[in-house]
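Listed below are the residues making up each chain.
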Amino acid sequence: MNLKKYKQKSRVLLINTPSYKEKEYLNSKKIYQKYIKKFHKNYIKLITKINKKGFFIELIEFDGSVKKKFKNLDIKELLILLKK
């Protein structure tokens, strides 16, 4: 997956999921939609990638480096992480 077009423009919340029907994936999308204004304010784009290895989320910074990996999306933890 090519994320170069987001580099230096926004952060990426990359959701790796085995299926679009995965419970954790659907929950993460619901959280993203609920707090979409906070995500946009912090320049975070949501991208989904099918990955048969399991469900996990990566926060990718402006420079393209992975800042943190998550097992599930926790908005409070994510916002605290962004303030650091």
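Described below are features of the structure shown in this document. (Residues numbered from 1 in each chain as written. Predicted model: local features only at pLDDT ≥ 70, side-chain atom pairs only at ≥ 80, totals over all residues. Heavy atoms only, no water.)

1. What to know about the side chain of Asn51
Part 1 of the reasoning: Summarising the element assignment, Asn51 is placed in the loop between β2 (44-50) and β3 (56-60).
Part 2 of the reasoning: Once residues lying within four places of it in the same chain are set aside, the contact partners of Asn51 are Asn16, Thr17, Pro18 and Phe56. (Helix = DSSP H or I, 4+ residues; strand = E, 2+ residues; numbered from the N terminus. Contact = heavy atoms within 4.5 Å.)

2. Details of the packing of aromatic side chains
Part 1 of the reasoning: The full count for this structure, using the stated rule, is three aromatic pairs.
Part 2 of the reasoning: Ring plane angle 40° and centroid distance 4.7 Å describe the contact between Tyr32 and Phe39, whose orientation is recorded as tilted. This pair shows no difference in class: Tyr32 is buried, exactly as Phe39 is. (Phe/Tyr/Trp six-rings, centres within 6.5 Å; stacked < 30°, edge-to-face > 60°. Buried < 20%, exposed > 50% of the residue type's maximum accessible area, 1.4 Å probe, protein only.)

3. Topic: the pattern of salt bridges
Part 1 of the reasoning: Taken as a whole and judged by the stated rule, the model has four salt bridges.
Part 2 of the reasoning: Between Glu61 and Arg11 there is a salt bridge; the shortest N-O distance is 3.2 Å. Residue Glu61 is located in the loop between β3 and β4 (66-70), and its partner Arg11 is located in strand β1 (residues 11-17); the two are separated by 50 residues in the primary sequence. In terms of burial, Glu61 and Arg11 fall into one category: buried.
Part 3 of the reasoning: Lys69 is the salt-bridge partner of Glu58, the closest N and O atoms lying 3.7 Å from each other. Separated by 11 residues along the polypeptide, Glu58 in strand β3 and Lys69 in strand β4 bring together distant segments of the chain.
Part 4 of the reasoning: The network of salt bridges with common partners includes Arg11, Glu61 and Lys67. (Salt bridge = Lys/Arg side-chain N within 4 Å of Asp/Glu carboxyl O.)

4. Some details on the sheet that holds β1
Part 1 of the reasoning: With mixed pairing, the four strands of this open sheet are ordered in space as β2-β1-β3-β4. Here the strands that pair on one side only, and so sit at the sheet edges, are β2 and β4. Taken over all neighbouring pairs, the strand axes of this sheet differ in orientation by 20° on average, direction set aside.
Part 2 of the reasoning: Note that β1 and β3 share five bridges and pair antiparallel. (Pairing = 2+ DSSP bridges. Axes fitted to C-alpha atoms, helices over the stretch in contact; angles between N-to-C directions.)

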